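Read off the chains here:
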Amino acid sequence: MSAAVSANSHRFSEARLAEIAELVKRYPGAQSALMPVLYMAQEDFGYLSMDVQQHVADVLGLRLMQVREVVTFYTMFREKPCGTYLLEVCTNAGCMLNGANELVAHMCETLGIKVGETTDDGLFTVAEVECAGACGGAPVVQVNHKYHEKVTPETMDALITQMRADGGAK
């Protein structure tokens, strides 16, 4: 979370608003800047609550529905809080054929949660995503935007153990 923004304010800082204004100038219209602004909002607030989505719409001069259409279409945008480590498993065809579904089941069993849930300690959230664009390394797990390819239950267990040892430090 940005140091300039309080987690509960759901309002961009003046510095962020200036950054957004500069960004919008690079596009033919404010709507074209929607995805980068949503990334900024998610970085600042942790996830895109309805209040945050409305704020983005207001800042860009859009209707809430225009923001919702993007947020609900793309899997990289989160509408609820997630764990310190977001474990995103590609379950599209290439990864599925190389064991992604079994990997998801193993991860959920190991962590004691279902897909979309977060562990009680707040460390892990498991999510299924569509094509991660790394079919040659299937199955792929993205952990906080870092790709891990050809993941097996054993390598995933080692990653989870390491992340626990790190104490939640991203």
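To start, this report covers the structure provided alongside it. Predicted model only: the values in this text are computed from it and were never measured.

Quick notes on the packing of helix 3 (residues 50-60) against helix 4 (residues 64-73)
Okay, step 1: At a minimum axis separation of 8 Å, helix 3 and helix 4 run at an interaxial angle of 120 degrees. Put simply, helix 3 runs oblique to helix 4. Regarding helix 3 and helix 4, the two cross each other, and that crossing is right-handed. When helix 3 is examined against helix 4, the residues Met50, Gln53, Gln54, Val56 and Ala57 are found in contact with a partner set consisting of Leu64, Val67, Arg68 and Val71.
Okay, step 2: Taken together, the residues of the contact of helix 3 with helix 4 break down into six nonpolar, two polar and one charged.

A few points about the side chain of glutamine 66
Okay, step 1: Its location among the elements puts glutamine 66 in helix 4.
Okay, step 2: Judged by its relative accessible area of 13%, glutamine 66 is buried.
Okay, step 3: Separated by 3.2 Å, the side chains of glutamine 66 and glutamine 31 make a polar contact.
Okay, step 4: Discounting chain neighbours no more than four positions away, the residues touching glutamine 66 are Gln31 and Leu34.

Thoughts on the packing of aromatic side chains
Okay, step 1: Under the counting rule described, the total for this entry stands at four aromatic pairs.
Okay, step 2: With a centroid separation of 5.1 Å and an interplanar angle of 55 degrees, the aromatic rings of tyrosine 39 and phenylalanine 77 are classed as tilted. Here phenylalanine 77 lies in the loop between helix 4 and strand 1 (85-90) and tyrosine 39 lies in helix 2 (residues 34-45), a separation of 38 residues in the sequence.

Re the sheet that holds strand 2 (residues 124-129)
Okay, step 1: Strands sit in the order 2-1-3-4 across an open sheet of four strands; the sheet is mixed. For this open sheet the edge positions go to strand 2 and strand 4 (146-148), each flanked by a neighbour on one side alone. Going across the sheet, the axis of each strand differs from the next one's by a mean of 25 degrees, ignoring polarity.
Okay, step 2: Pairing of strand 1 with strand 3 (residues 141-143), which is carried by three bridges, proceeds in the antiparallel orientation. If you follow valine 89 over to strand 3, its bridge partner there is valine 141.
Okay, step 3: The sheet strands contacting helix 6 (residues 100-111) are strand 1, strand 2 and strand 3, and the helix crosses strand 1 at an angle near 155 degrees.

Examining unusual backbone geometry
Okay, step 1: Following alanine 138, the chain continues to proline 139 via a peptide bond in cis, the omega torsion being -5 degrees.
Okay, step 2: Considering the arrangement of structural elements, one finds proline 139 in the loop between strand 2 and strand 3.
Okay, step 3: At histidine 145, a residue that is not glycine, the phi angle is positive and equals roughly 75 degrees.
Okay, step 4: Even without being glycine, lysine 150 reaches a positive phi, approximately 50 degrees.
Okay, step 5: Inspection of the secondary structure puts lysine 150 in the loop between strand 4 and helix 7 (153-165).

Overview of the packing of helix 6 against helix 7
Okay, step 1: Direction vectors running N to C along helix 6 and helix 7 enclose 35 degrees, while the axes themselves pass 10 Å from each other. Where helix 6 crosses over helix 7, the handedness of that crossing is right-handed. The segment helix 6 lies against helix 7, with Leu103, His106, Met107, Thr110 and Leu111 engaging Pro153, Met156, Asp157, Ile160 and Arg164.

Parameters at a glance
Residues numbered from 1 in each chain as written. Predicted model: local features only at pLDDT ≥ 70, side-chain atom pairs only at ≥ 80, totals over all residues. Heavy atoms only, no water. Axes fitted to C-alpha atoms, helices over the stretch in contact; angles between N-to-C directions. Helix = DSSP H or I, 4+ residues; strand = E, 2+ residues; numbered from the N terminus. Parallel < 35°, antiparallel > 145°, perpendicular 65-115°, else oblique. Left-handed = near helix turned anticlockwise from the far one by under 90°. Contact = heavy atoms within 4.5 Å. Nonpolar A, V, L, I, M, F, W, Y, C, P; charged D, E, K, R; others polar. Buried < 20%, exposed > 50% of the residue type's maximum accessible area, 1.4 Å probe, protein only. Polar contact = N/O pair within 3.5 Å; in protein donor to acceptor, adjacent residues only side chain to side chain. Phe/Tyr/Trp six-rings, centres within 6.5 Å; stacked < 30°, edge-to-face > 60°. Pairing = 2+ DSSP bridges.

Spatial relationships are all this shows, so hold off on functional conclusions.
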